[in-house]
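This is what each chain is made of:
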Amino acid sequence: MVGHYIEIEGYEVFGYSRYVDLYKAMVEKAADGDHFVEVGSFLGQSTCAMGYFIKQSKKLIKFDAVDLFELGDWSDEPHYEIVKQYGGDFYKAFLHNLEETKTKEYVTPIKTDSVTASQLYEPRSLNFVMIDAGHKTQEVINDIQAWLPKVKVGGYIAFDDIDWGSVKEAVDSLFYDNEIQIIGTTGIHLKTHHE
């Protein structure tokens with residue numbers, strides 16, 4: 001099967017995550033009591049990586065993974081093949097990856113859409129939010145508008161696939177260039193949120 005795998009606790013997890021190093025950096029700078037949210041977890045490659053880093057750090061970091069856990073418009077053949085192994089149950093495949101990587105106790109899955117999930121959080125309550133859900137311009141705008149008010153002053157909001165025209169258009173429409181720090185060449189934009 002063609003794809004991208006990362007090994008965590010001796011188990012290979014399929015996915016396309018380009019921000020594992022960013023997750024490691026966020027855990028390194030985090031303190032006990034911090035709260036992270038990943039919006040768009042898919043099969044859990046990045047989720048398992050974050051869970052692993054939290055586990056290794058021994059810090060008391062709360063980490064929520066938000067997704068519909070369903071095949072989407074841009075799912076590819078490897079995703080279909082993997083989900084088929086779990087009787088077509090995408091969420092079951094995600095949970096299996098958490099189990100196999102021994103990270104389940106470090107992740108709280110939230111099975112709903114991004115905007116609905118954002119309503120579960122108080123304003124300025126999150127230290128770090130990764131947005132990697134819908135990729136249409138309006139979907140990304142909706143996600144940013146839903147989640148930015150939940151990020152603490154001095155917290156971080158990051159976006160994957162900024163090299164996609166639709167994602168870049170959404171981010172550019174809501175942030176000024178001087179508010180965004182480019183991290184490496186992976187298409188991640190990271191913003192420190194200040195009042």
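Everything that follows concerns the structure shown earlier in this document.
S.K.: When you look at the overall build of the protein in this model, what are you seeing that I'm missing?
M.R.: Looking only at helices and strands, the protein has 7 helices and 9 strands in total. Looking at the protein as a whole, 48% of its 195 residues qualify as buried. Sequence-distant contacts, at least 24 apart, represent 77% of the contacts inside the protein between residues at least 6 apart.

S.K.: Sorry if this is basic, but what is going on with unusual backbone geometry here?
M.R.: Glycine aside, negative phi is the norm for most residues, and most peptide bonds take the trans geometry. Within the chain, Phe42 stands out as a residue other than glycine whose phi angle is a positive 55 degrees. Take Phe42: it is sitting in the loop between β3 (35-39) and α2 (45-57). In this model, Lys58 sits at a positive phi of 65 degrees, which is unusual for a non-glycine residue. Of note, Lys58 is situated in the loop between α2 and β4 (62-67). In this structure Lys58 comes out as exposed when scored by relative accessible area, which is 72%.

S.K.: How do you make sense of the environment of His135 when you look at a structure like this?
M.R.: With respect to the helices, strands and loops of the structure, His135 is situated in the loop between β6 (126-131) and α6 (137-147). Spatially, the C-alpha atom of His135 lies 5.9 Å from that of Val167, the residues being 32 residues apart in sequence.

S.K.: Explain the nonpolar core here, please?
M.R.: Generally speaking, soluble globular proteins have nonpolar side chains that are buried together. Counting residues in hydrophobic clusters, the biggest one holds 34 residues, and the most contacted among them are Phe36, Met50 and Phe128. Residue assignment for this core shows that the elements contributing at least two residues are β2 (11-14), α1 (20-29), α2, β4, α3 (77-84), α4 (90-100), β6 and β7 (151-159). Among residues more than four places away in sequence, those in contact with Met50 are Tyr23, Val27, Phe36, Phe63 and Phe128. In this structure, Val37, Val39, Tyr121 and Ile141 belong to the second largest nonpolar core, which totals 23 residues.

S.K.: Mind showing me how you'd approach the packing of α6 against helix α7 (residues 165-174) here?
M.R.: Two quantities define a packed helix pair, namely the angle between the axes and the distance from one axis to the other. Contact geometry of α6 with α7 gives a least axis separation of 8 Å together with a crossing angle of 40 degrees. When the axis of α6 is compared with that of α7, the two are oblique. Judged by the twist between their axes, the crossing of α6 over α7 is right-handed. Only Ser166, Val167, Glu169, Ala170, Val171, Ser173 and Leu174 of α7 make contact with α6, whose side of the interface consists of Thr137, Val140, Ile141, Ile144 and Gln145. Among the residues forming the contact of α6 with α7, the class breakdown is 7 nonpolar, 4 polar and 1 charged.

S.K.: Just to check I follow, could you spell out the packing of aromatic side chains for this structure?
M.R.: Aromatic rings in a pair are described by how distant their centres are and how their planes are angled relative to each other. According to the stated counting rule, one finds 12 aromatic pairs in the structure shown. Feature note: the residues Tyr19, Tyr23, Phe36, Phe63 and Phe128 constitute an aromatic cluster, connected by ring pairs. Residue placement shows Lys111 over the ring face of Tyr91; its charged tip is 5.8 Å from the ring centre.

The rules behind the values
Residues numbered from 1 in each chain as written. Predicted model: local features only at pLDDT ≥ 70, side-chain atom pairs only at ≥ 80, totals over all residues. Heavy atoms only, no water. Helix = DSSP H or I, 4+ residues; strand = E, 2+ residues; numbered from the N terminus. Buried < 20%, exposed > 50% of the residue type's maximum accessible area, 1.4 Å probe, protein only. Contact = heavy atoms within 4.5 Å. Core = buried A, V, L, I, M, F, W, Y, C linked by side-chain atoms within 4.5 Å. Axes fitted to C-alpha atoms, helices over the stretch in contact; angles between N-to-C directions. Parallel < 35°, antiparallel > 145°, perpendicular 65-115°, else oblique. Left-handed = near helix turned anticlockwise from the far one by under 90°. Nonpolar A, V, L, I, M, F, W, Y, C, P; charged D, E, K, R; others polar. Phe/Tyr/Trp six-rings, centres within 6.5 Å; stacked < 30°, edge-to-face > 60°. Lys NZ or Arg CZ within 6 Å of the ring centre and 35° of its normal.

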